[in-house]
Amino acid sequence: MTKERKMNIREDMSWREMPQGGHIIDAGNAEDFKTGDWRSMRPVWLPDKCKQCLLCWPVCPDMAIPVENGKRKDFDFDHCKGCGICVEVCPFKAIDFVEEGK
Amino acid sequence: MAIKDKLSGNEAIAVAMRQIDPDVVAAFPITPSTEVPQYFSQFVANGQVHTEFVAVESEHSAMSACIGAEAAGARTMTATSSQGLALMWEMLYIAASLRLPIVMSVINRALSGPINIHNDHSDSMGARDSGWIQLYCENNQEAYDNLIQAIRIAEHKDVQLPVMVCYDGFITSHAVENIELIEDEKVKAFIGEYRPQHYLLDRDNPISMGPLDMPAYYFEHKRAQAEAMKNAKRVILEVAQEFEKLTGRKYGYFEEYKMEDAEVGIVIMNSTAGTAKFVVNELRKQGIKAGLIKLRVFRPFPFEELGKALSHLKAVAIMDKAESFSTAGGPLFTEVRSAMFDYAKDTKAVSYIYGLGGRDVRPDEIMSVYQDLLEIARTGQVKSTFNYLGVRE
Amino acid sequence: MAYNLKTLTEKEERITGGHRMCAGCGAPIVVRTVLRALKPEDHAVVGVATGCLEVSTCLYPYTAWKDSFIHSAFENAAATVSGAEAAYRALAKVGKVKGTTKFIAFGGDGGTYDIGFQALSGAMERGHDMVYVCYDNEAYMNTGIQRSSSTPKYADTTTSPAGSEIPGKVQFKKDLTMIMAAHNIPYVAQTAPFRNLKDLYEKAEKALYTPGPAFLNVLAPCPRGWRYNTPQLMEIVRLAIETCVWPLYEVIEGKFILNYKPKNKLPVVEYLKPQGRFRHLFTKENEGLLEEIQKEVDRRWNRLLELCGEA
């Protein structure tokens, strides 16, 4: 589900079609770029062990732990790069770390 | 009703800035531009302007702060010379590529080394590829008039490029001459309000400026910038037309002085044009068909117009108050001659590099240039294409 | 209001995923926490110096920033943001601004301790109402891990490599936080993404909402340059703090306040051991170097304790 953007810049565009100065008018559109394919390791959320302490949420460098109504949900795998910081931080071993693709 | 006054170039520029009343001025002192921020600071201290004056700690930071301010949506100005311009060199390119209509006075001074605080054009010539519009001024009146027009040129929606207004250090900046000022309200009405399309403080439309550009995009962004410079050619004349209606003073890409029937002429910029006009008058008294072209707009370069304007001459000397160390003439010579290749093939062109480091340029020296041109016109031969004027060989 | 992660999750993220920072990079953790301290109704203008953060978060045609962002050059984030801040004040004078805008400059240690130092010092001295945040990863990481004045003594970098004659960078780490404290600005703090990030968040909040210039020096581990096991970032931060290599303190109107005093001060080797950039120090010949490092850590820590009235 991609957001509606003011512009969708493509590499085949003429200079006439792009905003001047290299200005990017769609704030936060990096969201549309998927970095999930960077992963070689993958975190696995174990909701039964998860106490919803939320200590994992703010340490993700990629904002890939969505939280709704104060509760974390499963990883945003479009953006999770598999760094494993959340895995180490979880006090309840509620995040497993496995090889991607297995 | 114009206001008659007697002001130095720097005073005139400061007055123009006061009348423009920009939102931000970020400046750092350097001789001979220092007086500009000094006079302006006094206006700020007396509450005569609403400007936020940022006394930055270097010229690089001056241009950086100007970039931040203009990008934020504020009308921003500054002034510098020589090493100061050189120090902000990388930022000049960035200001232009970010399409920020900053207006800066450059009080032309020689670039070190050795260090020299006097006038020549090596500083602004060194910045000729930066993407800034460059306007050159013979005297305080032109500096004042050009600065006011510069705001309109820069901010025009088809341009959105920064402008530097260049006038000679000490000769123009510090010498007091007569000047006609425009009333405050008329200046205000002429420049209007700054209404940027994209600006950082637009909280409803947040924007990112200055991205990393990969090869897939950089060229297109530069092409767009080049188009803006092309549009500037048209806009400069449009603004000049409006300015003429306001003041009666006419401006174009260059001034043609006694050129209509001229057989020999020179192309020159800034204050020495005044000396050269005196020489032209003396030659005319002797019945010699001499003329001169004083270039006002160096960037964008009026290729076709200048080429055509020289085509009826037998010989022209292109005068550079800067060395580009190409060993093949100065920067003005190179560009003018290129235009002449297309439009004035039959006119002989020679280069003179003169006045470096504030070396005084005397009428008899200019006269000797015309004598050389007359010889070329007579014989059809150029003995020496690349010359120096006034140096002890 | 007491720091509460659950409550904070209600705030909208002001930086998005989809940026190109390395997996496990400390910088975006710092940035998202600092931005979280902004009030939701406040707009921000963020200026970032050339470096890892800037190139990775704003790569045409993408930007990870939801607020306004400007990058101009490497050494001038502070100057650029100071200009934007001056513009804000000027436009406010003539009634052209709506709401509150906060001005934040981010720079790595390269763009802050070294090439950006002059602009930082100038902007802070002029008293602009802005925050400068240094995400300190202790080397010029974006260009491939070259030494900066922030690189710790004996760390291996590509321009201070550990060789047979010279064991890494020979100078001690510049103490920029102290230098900024000497600028006598209203708020200076040294912080890091520690535990639940409370220290970083609250200091960011103070920095943002104390009128005038504020400076935050934030430790931001780099898995590539420091060569530790990537998932262990938070543990590396913890060790930096528990060994007193990176003390957490504030200087508020010139008054030094220590924010965290380890109950058991760990020996510095505990911090150095897990990092590949210090691996060459763990040989018999280099024992003396480890002692040197410990001595300097202790000297600075004791000096800080004196300043904070905790000696």
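Since the model is a prediction, treat every value here as computed from it, not as a measurement. Positions within a chain are numbered from 1, following the residues in the order the chain's sequence is written. Starting at A for chains and at 1 for ligands, labels are handed out in the order in which the entities are written. Only residues with pLDDT of 70 or above have their local features reported here, since the model is predicted, and side-chain atom pairs are shown and tallied only from 80 upward, although totals for entire chains, interfaces and linings are computed over all residues.

(A) Looking closely at the overall build of chain B. Put simply, DSSP H or I for four residues or longer makes a helix, DSSP E for two residues or longer makes a strand, and each gets a number counted from the N terminus. A count of helical and extended segments in chain B gives 13 helices and 16 strands. In terms of overall size, chain B behaves like a compact globule, its C-alpha atoms giving a radius of gyration of 21 Å where 393 residues would be expected to give roughly 21 Å. By its C-alpha atoms, chain B is 70 × 55 × 45 Å across when sized along the principal axes. Here, residues touch in the contact sense if the C-beta positions derived from the backbone fall within 7 Å of one another. Restricting the contact set of chain B to residue pairs at least 6 apart, pairs at least 24 apart contribute 82%. What the globule rule says is 2.2 Å times the number of residues to the power 0.38, and the radius of gyration is computed from C-alpha atoms.

(B) Summary view of the overall build of chain A. Counting secondary structure elements, chain A contains one helix and four strands. Along chain A, helices and strands appear, N-terminal first, in the series β-β-β-α-β. Relative to a compact globule of 102 residues, whose C-alpha radius of gyration would be 13 Å, chain A shows 17 Å and is clearly more extended. Remark: C-beta atoms are placed from the backbone, and a residue is labelled buried if 20 or more other C-beta atoms sit within 10 Å of its own, exposed if 12 or fewer do, or partly exposed between those counts. For chain A, the residues scored as buried account for 37% of the 102 residues in total. Within chain A, contacts between residues at least 6 apart in sequence are counted, and of these 64% link residues at least 24 apart.

(C) Structural detail: the sheet that holds strand E10 (residues 255-258) of chain C. Here a strand pair is declared whenever DSSP counts at least two bridges between the two strands. The strand order across the open sheet built from nine strands is E9(B)-E4(C)-E1(C)-E5(C)-E6(C)-E8(C)-E7(C)-E9(C)-E10(C), with neighbouring strands paired in mixed fashion. Strand pairing shows two members of the sheet lacking a second neighbour, strand E9 (208-209) of chain B together with E10 of chain C, which therefore form its edges. By the bridge criterion, three bridges tie strand E1 (residues 43-48) of chain C to strand E4 (residues 68-70) of chain C in an arrangement that is parallel. Its bridge partner lying in E4(C), C:Val46 is registered against C:Phe69.

(D) A look at the domain arrangement of chain B. Residue and element names in this part refer to chain B. Where each domain begins and ends follows an automated or database-derived domain assignment. Along its sequence, chain B is carved into domain 1 (3-247) and domain 2 (254-389). Computed over C-alpha atoms, the centres of domain 1 and domain 2 are 28 Å apart. In this complex, domain 1 contributes 28 residues to the contact, which on the side of domain 2 involves 20 residues. Sorting the residues of the side of domain 1 that touches domain 2 by element identifies helix H6 (122-126), strand E6 (133-136), strand E7 (163-168) and helix H9 (215-247) as the ones contributing at least two each. If one sorts the elements of the side of domain 1 that touches domain 2 by residue count, H9 sits on top with five residues.

(E) The interface of chain C and chain A, seen in detail. Contacts between chain C and chain A engage 34 residues on the former and 34 residues on the latter. Put simply, the parts of the chain that give the side of chain C that touches chain A at least two residues each are helix H1 (5-8), helix H2 (26-36), strand E3 (62-63) and helix H10 (233-242) of chain C. Ranked by the residues each element gives to the side of chain C that touches chain A, the list is headed by H2(C), at four residues. Only Asp, Glu, Lys and Arg are considered charged in this grouping, and only Ala, Val, Leu, Ile, Met, Phe, Trp, Tyr, Cys and Pro are considered nonpolar; every other residue, Gly among them, is considered polar. Split into classes, the residues belonging to the side of chain C that touches chain A amount to 17 nonpolar, twelve polar and five charged.

(F) Region of the structure containing unusual backbone geometry. All names here are of chain B. Note the cis peptide between Thr31 and Pro32, where omega equals -5°. With respect to the helices and strands, the residue Pro32 is situated in the loop between strand E2 (24-26) and helix H2 (35-45). Note that the residue after Arg299, namely Pro300, is joined by a cis bond; omega there is 0°. Within the secondary structure, Pro300 is located in the loop between strand E13 (297-299) and helix H11 (303-310).

(G) Representation of the interface of chain B and chain C within the structure. In this complex, chain B contributes 39 residues to the contact, which on the side of chain C involves 40 residues. Contributing elements (two or more residues each) for the side of chain B that touches chain C: E2, strand E3 (52-54), helix H3 (59-72), helix H5 (89-97) and E9 of chain B. Broken down by element, the side of chain B that touches chain C gets its largest block of residues, ten residues, from H3(B). Here the side of chain B that touches chain C is composed, by residue class, of 23 nonpolar, ten polar and six charged. Looking at chain direction, E9(B) and E4(C) are connected through two bridges and run parallel.

(H) Quick peek at the sheet that holds E3(B). If you walk across this open sheet you meet the seven strands as E3-E2-E4-E5-E7-E6-E13 (chain B), and the pairing is mixed. With partners counted over all chains shown, the strands left at the sheet margins are E3 and E13 of chain B, one partner each. On average, adjacent strands in this sheet sit at an angle of 20° to one another, irrespective of strand direction. Fitted lines through C-alpha atoms serve as axes, helices being fitted only where they are in contact, and the angles separating the N-to-C directions of these axes extend from 0 to 180 degrees. Strands in contact with helix H4 (residues 77-93) of chain C are E2 and E3 of chain B; relative to E3(B), the strand with the most contacts, it is inclined by about 160°.

(I) A look at the confidence of the model for chain B. pLDDT is defined as a per-residue confidence score from the predictor, taking values between 0 and 100. Per-residue pLDDT for chain B has a mean of 98; in total, 100% of the residues score no lower than 70. As a predicted assembly, this complex carries a pTM of 0.97 together with an ipTM value of 0.97.

(J) Summary view of the pairing of E10(C). Residues and elements named next belong to chain C. As paired elements, strand E9 (residues 249-252) and E10 share four bridges and run antiparallel to each other. By the bridge assignment for E10, Glu250 is matched with Ile257. A loop of two residues connects E9 with E10, the two strands running antiparallel in sequence, and Glu253 in this loop sits at a positive phi of about 50°.

(K) Just H10(C), in detail. Among the ten residues that make up H10(C), seven are buried, leaving the element largely enclosed by the rest of the structure. Every buried residue of H10(C) is listed here: C:Leu233, C:Met234, C:Ile236, C:Val237, C:Leu239, C:Ala240 and C:Ile241. Contacts from the buried residues of H10(C) go to helix H1 (85-89) of chain A together with H2, strand E8 (214-219) and helix H11 (269-272) of chain C. Looking one or two residues past H10(C), C:Cys244 carries a phi angle of roughly 65°, positive in sign.

(L) The arrangement of the pairing of strand E5 (residues 103-108) of chain B in detail. Residue and element names in this part refer to chain B. The buried fraction of E5 is high, at six of six residues. Side chains Val103, Ser105 and Ile107 of E5 all project onto a buried face; the interleaved residues Met104, Val106 and Asn108 project onto the opposite face, where all are buried too. Pairing of strand E4 (residues 76-80) with E5 involves four bridges; the strand directions are parallel. For Thr80, the partnering residue across the bridge sits in E5 and is Val106. The pairing of E5 with E7 spans six bridges and is parallel. Counted as the bridge partner of Ile107 is Tyr167 from E7.

(M) Just the environment of C:Ala181, in detail. Residues and elements named next belong to chain C. For Ala181, the location among the structural elements is in helix H7 (residues 176-181). Taking the C-alpha atoms as reference points, Ala181 and Glu250, separated by 69 residues in sequence, lie 9.0 Å from one another. Ignoring any residue separated from it by four or fewer positions in sequence, one finds Ala181 in contact with Val188 and Val251.

(N) Just the environment of A:Thr35, in detail. For A:Thr35, the location among the structural elements is in the segment before strand E1 (41-45). Sequence separation of A:Thr35 and A:Asp78 is 43 residues, and the distance between their C-alpha atoms is 6.1 Å. Non-local contacts of A:Thr35, meaning those with residues more than four positions away in its chain, are made with A:Asp62, A:His79, A:Lys81, C:Gly17 and C:Gly18.

(O) Expanded view of the environment of C:Val46. Residue and element names in this part refer to chain C. Within the element layout of this structure, Val46 appears in strand E1. Residues Val46 and Val81 lie 35 residues apart in sequence; the distance between their C-alpha atoms is 7.5 Å. Discounting residues that sit within four places of it in the chain, Val46 has contacts with Trp65, Asp67, Ser68, Phe69, Ile104 and Phe106.

(P) Main features of the packing of helix H7 (residues 140-155) of chain B against H9(B). Residue and element names in this part refer to chain B. One way to put it is that H7 packs onto H9 with a least axis distance of 10 Å and a crossing angle of 125°. When the axes of H7 and H9 are compared, the pair comes out oblique. For the pair H7 and H9, the crossing hand works out as right-handed. Touching Asp145, Gln149, Arg152 and Ile153 of H7 are Ala232, Val235, Ile236, Val239, Ala240 and Phe243, all from H9. Residues belonging to the contact of H7 with H9 are distributed by class as follows: seven nonpolar, one polar and two charged. For classification purposes, an angle smaller than 35 degrees is called roughly parallel, one larger than 145 roughly antiparallel, one from 65 to 115 roughly perpendicular, and anything else oblique. With the far helix as reference, a near helix turned anticlockwise by less than a right angle produces a left-handed crossing, and one turned clockwise produces a right-handed crossing.

(Q) Structural view of the nonpolar core. Within the largest apolar cluster, 259 residues are counted, with the highest numbers of intra-cluster contacts made by B:Ala72, B:Ala95, B:Val163, B:Val165 and C:Ala87. For this core, the element with the highest residue contribution is H4(C), accounting for ten residues. Counting contributing residues per domain, this core is built from domain 1 (3-247) and domain 2 (254-389) of chain B, each supplying no fewer than three. Residues in contact with B:Val163, not counting those within four places in the same chain, are B:Val103, B:Trp132, B:Ile133, B:Leu135, B:Ala150, B:Ile153 and B:Ala154. Structurally, a nonpolar core is described as a collection of buried Ala, Val, Leu, Ile, Met, Phe, Trp, Tyr and Cys residues joined by way of C-beta atoms within 7 Å.

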